[in-house]
Amino acid sequence: MQAAVKTIGIGAGADAEKVIGSACRVSVPCDIVCYSRPGTAKVPEDHKNIRVSESTSPETALVSDLMTGAIDAAVRGTLPAKATLQALKTAAGVDHLERIALLETADGKKFLFAPVGIDEGWTVADKLALIRKGRLVARRFGLPEKVGVLSGGRLGDVGRHARVDRSMADAELVARLGDAVHCEILIEDAVESCGLIIAPDGISGNLVFRTLTFLGAGRAHGAPVVNIGKIFVDTSRASPDYTNALLLAAALLE
C-alpha cells in the first residue's frame, strides 16, 4: 500500500508572496498549506500540491493543525515570532522552547548551532539539554556528533573580567558533563570539526546567527524546536526565502 502524502504547513503573514514563491520553487514529496489572513495570499493554478488556509489568526491555526495532526510538520515562515511561539508553547504544554539552528557558512560548511533565542540556553542545565537533543539531530543529518562549547574568551584571558571568567567556568563544566570540547571563543576553529556548537548564552547566539546569515553571506536552513514532540521549524521573517526551511521540515519527516 502506498504511504499517504505528508503535509507541511507554513506561515504566510507579512510578505505572503515570498512564502508562496518559496513553496512554488521547492521540490518536496509533500503537500504544502500556506496559513494566511483572508485575501492576502493566492497560489498559482499550476501548483496543485499547494493550497492556502485563511484565518484571522493564522499563527493559532498553524499551531492547532500541527498539534491535532491535520499537518505533519510546520514552518513559521513570516508569522510574528511572539504570537506564534507563545501559541506553540501553550499548545505543547511547555514553559520554554529549545531551538537548534542548521546553519551554513559562505563556503558551504554546515553545522548545528544553539541557543539562537535570546531567552534560551542561559544555564548549564539548558546547555546540556541542547547537547543531548542536538546530537540526535546531528546524527540524523549526517553531521559530526562532536560538540564544541563556546565561552567569552581564551583561557589565558582569565581575570580580565568577571563575566568572562564565569562564561569560561560554565563552558568547562558543560564540556565535562556533556562529553564535549571547550573551544573557548574560537568559533572559527569549532566549525571545522564540530557538528554542534553551543554559544555562551542566548544573546551571543542570536548575534552569531544574525551576523552569519544577514551580514556574512552564510545561510540559515531553519531552527527545529526539539522539546515539543512535533516537527516545527522556526525561521526569521527577514529570510529572503523559505525553500531551505521547507526542505529541512521534509527531511525531518523522513
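On a predicted model such as this, the values are computed, not experimentally measured, just so you know.

A. Inspection of the pairing of strand S1 (residues 6-11) at higher detail. Burial within S1 is extensive, with 5 of its 6 residues counted as buried. Taken together, the 6 bridges between S1 and strand S2 (residues 30-36) define a ladder with parallel strand orientation. Following the sheet pairing, Gly11 is matched in S2 by Tyr35. You can see the chain leave S1, run along helix H1 (residues 16-25) and come back into S2, and the turn it takes is right-handed. Two strands pair when backbone bridges link them, and S1 and strand S4 (residues 73-75) are joined in this way by 3 bridges, in the parallel orientation. Paired with Gly9 across the bridge in S4 is Ala74.

B. The arrangement of unusual backbone geometry in detail. The amide bond that connects Ala114 to the next residue, Pro115, takes the cis arrangement and shows omega of -5°. Take Pro115: it is sitting in the loop between strand S6 (110-114) and helix H4 (124-140). Unusually for a residue other than glycine, Asp179 sits at a positive phi of about 50°. With respect to the helices and strands, the residue Asp179 is situated in the loop between helix H5 (162-177) and strand S8 (181-184).

C. Structural detail: the layout of surface pockets. There is about 790 Å³ of room inside the largest pocket. Forming the walls of the largest pocket are 37 residues, and the residues nearest its centre are Arg76, Arg99, Asp234, Thr235 and Ser236. Of the residues belonging to the lining of the largest pocket, the class tally is 13 nonpolar, 13 polar and 11 charged. Each pocket or cavity is described by its volume, and for the second largest pocket that value is around 460 Å³. Lining of the second largest pocket is provided by 19 residues; of these, Gly152, Ser167, Pro200, Asp201 and Ser204 occupy positions nearest its centre. For the lining of the second largest pocket, the elements supplying multiple residues, two or more each, are strand S7 (147-150), H5 and helix H7 (202-215). The leading source of residues in the lining of the second largest pocket is H5, at 6 residues.

D. Examining the packing of H4 against H5 more closely. Look at H4 against H5: their axes get within 10 Å of each other, and the N-to-C directions meet at 40°. With respect to H5, the axis of H4 lies oblique. The element H4 and its partner H5 pack so that their crossing is right-handed. Across from Val124, Lys127, Leu128 and Ile131 in H4, the residues of H5 making contact are Asp170, Leu173, Val174 and Leu177.

E. Up close: the nonpolar core. If you look at the biggest cluster of nonpolar residues, it comprises 45 residues, and the most contacted ones within it are Ile8, Ile10, Ile32, Cys34, Val75, Leu112 and Leu246. Excluding its chain neighbours within four sequence positions, the residues that come into contact with Leu112 are Ile100, Ala101, Leu102, Gly134, Val137, Ala138, Leu143, Gly195, Leu196 and Ile197. Within the second largest apolar cluster, 16 residues are counted, among which are Val33, Tyr35, Val63 and Leu88.

F. Highlighting H1. Where burial is concerned, most of H1 is hidden: 7 out of the 10 residues are buried. Taken as a whole, H1 has its buried residues at Ala16, Val19, Ile20, Gly21, Ser22, Ala23 and Cys24. Residues of H1 that are buried in the fold lie against S1, S2, strand S3 (50-54) and helix H8 (243-253).

Conventions and cut-offs
- Residues numbered from 1 in each chain as written.
- Predicted model: local features only at pLDDT ≥ 70, side-chain atom pairs only at ≥ 80, totals over all residues.
- Heavy atoms only, no water.
- Buried < 20%, exposed > 50% of the residue type's maximum accessible area, 1.4 Å probe, protein only.
- Helix = DSSP H or I, 4+ residues; strand = E, 2+ residues; numbered from the N terminus.
- Pairing = 2+ DSSP bridges.
- Right-handed = clockwise from strand over helix to strand, strands pointing away.
- 1 Å grid on protein atoms, 1.4 Å probe; cavity = no way out; pocket = protein on both sides within 12 Å on 5 of 7 lines; lining within 4 Å.
- Points joined across faces, edges and corners; volume = space filled by probe spheres on them.
- Nonpolar A, V, L, I, M, F, W, Y, C, P; charged D, E, K, R; others polar.
- Axes fitted to C-alpha atoms, helices over the stretch in contact; angles between N-to-C directions.
- Parallel < 35°, antiparallel > 145°, perpendicular 65-115°, else oblique.
- Left-handed = near helix turned anticlockwise from the far one by under 90°.
- Contact = heavy atoms within 4.5 Å.
- Core = buried A, V, L, I, M, F, W, Y, C linked by side-chain atoms within 4.5 Å.

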